[in-house]
Amino acid sequence: MSRAAIVGAGPAGFYAAEQLLAAGDAVDLYDALPTPFGLVRAGVAPDHPKIKSVTRIYEKTAARDDFRFFGNVEVGADVSREELLARYDAIVYAVGTALDNRMGVPGEDRPGSVPATEFVAWYNGHPGFADRQFDLSADRAVVVGNGNVAIDVARMLVLGDDELAPTDTADHALDSFAGSGVREVVILGRRGPAQASFTNPELRELGELQRADVAVDPAALDAVTGTEDLTPTAQRNVEILREYAQREPSGKSHRIVLLFLRSPLEVAGDGENGAVAGLRVSVNELDAGGRPVPTEREELIPCGLVVRAIGYRGRPIAGVPFDATRGLIPNDGGRVTGPDGEPLPGEYAVGWVKRGPSGVIGTNKKDAAETTARLVEDRDAGRLNRPSEESSPDAIEAWLRERVPGVVSWGGWQRIDAYEAAAGKTAGRTRRKVVRIPEMLTLAEAEGESEWPPIATTRA
Ligand code: NAP
């Protein structure tokens, strides 16, 4: 039996854990937060509770023998890669892609020009973003990007209070959305309807919103020809968009506009540091390879909020190889590779930090299978890392608890979970999230208490 430290308790980390446990290995699953589930908790939109229910599968993994959770431990900050290598036969990096791509245009850092990473984490109650404030007073917002994250953000901006109320949207975000002045959200694509990376159900959902009409310029669809070479998903996207283009406005209070063939040129505003007042864009054409080419035409879209949802990239971990161009950990089928391209003994990557931010939650299961198969192959061939320190389960836990204060066990998380579920039930919601780490730790440590300690779920 080998013992692996998996770093990151999102879907990829959990699928890798399940597979290693099934192969007879022991797993310690680390997360920087006191709470598990990564983007299922902090990324998936709160109005998609069915998608979030995948955590039931991860709970089954956590209930297995030889599984331990060490939450509130940031690898690379609280403990180092080298300290883990001194104690484990293998490390599996499952840290995802925490940073956002930048548009690279002037004015990108103006107040009101924000990355989707932060906006999504904020409305989902990620403790690192609980104090962020977003000015939702302007009547138009632009979301840049034609992927599902752009759709999630646009939808959240137009859902009604009654639609958000039953969800696990963070309390601070519910307050902000309730006072929002946003009436129109423009989803901006640099290419055409046929090149959008939306998936069909998500695009279809935009046309079924309670208080928002969806609008598409028919001319954008007229320009789409030769769809037979497209993937089935892209073909269906075009059909859905054609139907949207023919719709008459039904007089709903809000509107989502899909605007294609536009690239951001500048986030406009007053002076150098004034808040966002608009987005200047080029009108594009597509070249023969389907790439966007700016024409001489430009437009200014007046707006007070620009959210860029143009893809994610990984954050490097101290000491771990990192491909800064691609924003991920270099690897060969999941084996982390060093500067010479050769695998590093006992180090693996899985999920978005391995392959880039693509696919749905389930994609990570197959991805994890590739990585864990290699780990097991290396184990059986005696090629894993060789720990230099005492590496019994007890010795590792004793070291960690001495080294890092406030390590959260699975039992600790279950207490946070039970509190959130109970607080949600009282309020008629799926869950009321605790958004501050000290309060999470109070709950995690409240073993055997008959009363919940007083916890504020809202902004201080
Ligand atoms: P994505 O699907 O890769 O979409 C990124 C979008 O950003 C693309 O339309 C891309 O356009 C555009 N883009 C990139 N650079 C740009 C630039 N400089 N200027 C303008 N546009 C730019 O990524 P995502 O939306 O972040 O989603 C990540 C993954 O999570 C995807 O696999 C997605 O399906 C998944 N996800 C799924 C759900 C769900 O199932 N409900 C929800 C959220 C996310 P080009 O194509 O022209 O490069």
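Numbers given for residues are sequential positions, taken from 1 along each chain in its written order. The predicted nature of this model means local features are confined to residues of pLDDT at least 70 and side-chain atom pairs, given and counted, to a pLDDT of 80 or more, with totals for whole chains, interfaces and linings taken over all residues. Hydrogens and water are ignored here; the side-chain numbers use all heavy atoms of the structure.

Engineer: Mind laying out the environment of Leu305, listing which residues take part and the relevant values?
Structural biologist: Mapped onto the elements of the fold, Leu305 is located in strand β14 (residues 305-308). Only protein chains enter the calculation, and the probe is 1.4 Å; a residue is then buried if its accessible area is under 20% of its type maximum, exposed if over 50%, and partly exposed in between. Residue classification places Leu305 among the buried residues on the basis of a relative accessible area of 2%. Through-space distance from the C-alpha of Leu305 to that of Gly112 is 4.8 Å; in sequence the pair is 193 residues apart. Those residues in contact with Leu305 that lie beyond four places of it in its chain are Gly112, Val114, Asp135, Leu136, Arg140, Ala141, Val142, Leu157 and Val276. For helices the rule is a DSSP run of H or I covering at least 4 residues; for strands it is a run of E covering at least 2, with both sets numbered from the N terminus onward. Contacts are residue-level and defined by heavy atoms, with any inter-residue pair within 4.5 Å sufficient.

Engineer: So what about the nonpolar core? Which residues, and what values?
Structural biologist: In terms of nonpolar packing, the biggest core is built from 49 residues, with Phe177 and Leu258 touching the most fellow members. Looking at which element gives the most residues to this core, the answer is helix α7 (residues 148-158), with seven residues. Excluding anything up to four places from it in sequence, Leu258 contacts Ile187, Phe198, Leu206, Val214, Ala215, Val216, Asp217, Leu241 and Tyr244. Side-chain atoms within 4.5 Å are what join buried Ala, Val, Leu, Ile, Met, Phe, Trp, Tyr and Cys residues into a set we call a nonpolar core. Core analysis: the second largest hydrophobic core is formed by 42 residues, Ala17, Phe67, Ala94 and Ala444 among them.

Engineer: Give me the lowdown on helix α15 (residues 393-403), citing residues and values where you can.
Structural biologist: The complete set of buried residues in α15 reads Ile396, Trp399 and Leu400. The buried residues of α15 occupy an angular sector of 95° when projected down its axis, which confines them to one face. Facing away from the buried surface of α15 by more than 90 degrees, the exposed residues are Asp394 and Glu402. Looking at the buried side of α15, the elements it contacts are β1 (3-7), β2 (26-30), β3 (67-70) and α5 (81-85). Here, the arc refers to the directions that run from the helix axis to the C-beta atoms.

Engineer: Can you lay out the site of the ligand for me, pointing to particular residues and giving the numbers?
Structural biologist: The rule for a residue being near a molecule or strand is that one of its heavy atoms must lie within 4 Å of it. Inspection of the region around the ligand gives 19 residues, with Asn148, Arg190, Arg191, Glu202 and Gly359 positioned closest. Whenever a nitrogen or oxygen atom comes within 3.5 Å of another N or O atom, the pair is scored as a polar contact, on the condition that within protein one atom can donate a hydrogen and the other can accept it, and that pairs from neighbouring residues in sequence are kept only if both atoms are in side chains. Here Asn146 contributes a backbone N or O atom positioned 3.0 Å from an oxygen atom of the ligand. Contacts to the ligand include Glu202, whose side-chain N or O atom sits 2.9 Å from a nitrogen atom. Using a 1.4 Å probe, the Shrake-Rupley method yields the accessible areas, and only the shown protein chains count as cover for residues. Protein burial of the ligand: of its 920 Å² of free accessible surface, 79% is covered by the chains. The greatest single-element share of the shell around the ligand, amounting to three residues, is contributed by α7. Looking at the shell around the ligand, its residues break down into seven nonpolar, eight polar and four charged. Residue-level mapping places the shell around the ligand at the junction of two domains, with at least three residues from each of domain 1 (3-98 + 314-408) and domain 2 (102-310). Residues are grouped as follows: nonpolar covers Ala, Val, Leu, Ile, Met, Phe, Trp, Tyr, Cys and Pro; charged covers Asp, Glu, Lys and Arg; every other residue, Gly included, is treated as polar. Boundary definitions for the domains trace back to an automatic or database domain assignment.

Engineer: Which residues make up the domain arrangement of the chain, and what values do they have?
Structural biologist: Many descriptions give the size of an interface as the accessible area lost when the pieces come together. Under the domain assignment, the chain is made up of domain 1 (3-98 + 314-408) and domain 2 (102-310). Of note, the centres of domain 1 and domain 2, computed from C-alpha atoms alone, are 33 Å apart. Contact residues are listed per partner, giving 11 residues for domain 1 and 16 residues for domain 2. Once two parts are put together, the accessible area they lose, assessed with a 1.4 Å probe and summed over both, is termed the buried area. Together, the buried faces of domain 1 and domain 2 total about 1000 Å²; carbon and sulfur atoms form 57% of this surface. Sorting the residues of domain 1 by area buried against domain 2 places Ala42, Pro46 and Asp47 first, and these three jointly supply 46% of that buried surface. A pairing counts as a salt bridge when a side-chain nitrogen of Lys or Arg comes within 4 Å of a carboxyl oxygen of Asp or Glu. Between domain 1 and domain 2 we count two salt bridges in total. For the salt bridge of Asp47 with Arg155, the shortest nitrogen-to-oxygen distance reads 2.8 Å. Viewed at the interface, domain 2 and domain 1 are joined by seven residue pairs in polar contact (both at pLDDT 80 or more). Among the residues making up the side of domain 1 that touches domain 2, the classes are represented as six nonpolar, two polar and three charged.

Engineer: An account of the pattern of salt bridges is requested, with residue identities and associated values reported.
Structural biologist: The final tally for this structure, using the stated rule, is 43 salt bridges. As a salt-bridge pair, Asp378 and Arg383 come within 2.7 Å of each other at their nearest N and O atoms. The class for Asp378 is buried, based on a relative accessible area of 5%.

Engineer: Which residues make up the sheet that holds β14, and what values do they have?
Structural biologist: One requirement defines pairing of two strands: DSSP has to find at least two bridges between them. With parallel pairing, the six strands of this open sheet are ordered in space as β6-β14-β7-β8-β10-β9. One side of each edge strand has no neighbouring strand; the edge strands of this open sheet are β6 (113-115) and β9 (212-216). Recorded for the sheet is a direction-independent mean angle of 20° between the axes of neighbouring strands. Across three bridges, β6 lies against β14 in parallel orientation. Opposite Val114, over in β14, you have Val307 as the bridge partner. For every element, the axis is a line fit to its C-alpha atoms; helices are fit only across the contacting stretch, and the angle between N-to-C directions ranges from 0 to 180 degrees. Across the face of the sheet, helix α6 (residues 116-123) comes into contact with β6 and β14 while running at roughly 75° to β6.

Engineer: Talk me through the sheet that holds β1; I want residue IDs and the actual numbers.
Structural biologist: What the seven strands build is an open sheet, ordered β3-β2-β1-β4-β18-β17-β16; its pairing is mixed. One side of each edge strand has no neighbouring strand; the edge strands of this open sheet are β3 and β16 (331-332). Here β16 pairs with strand β17 (residues 335-337) via two bridges, running antiparallel. Along β17, the bridge assignment pairs Asp332 with Arg335.

Engineer: Talk me through the side chain of Ser282; I want residue IDs and the actual numbers.
Structural biologist: Position of Ser282 among the secondary structure elements: in strand β12 (residues 276-286). Residue classification places Ser282 among the buried residues on the basis of a relative accessible area of 3%. Within the local environment of Ser282, its side chain forms a polar contact with the side chain of Asn284, the two groups lying 2.9 Å apart. Residues contacting Ser282, with those up to four places away along its chain left out, are Leu261, Arg262, Ser263, Leu265, Pro294, Arg297 and Glu298.

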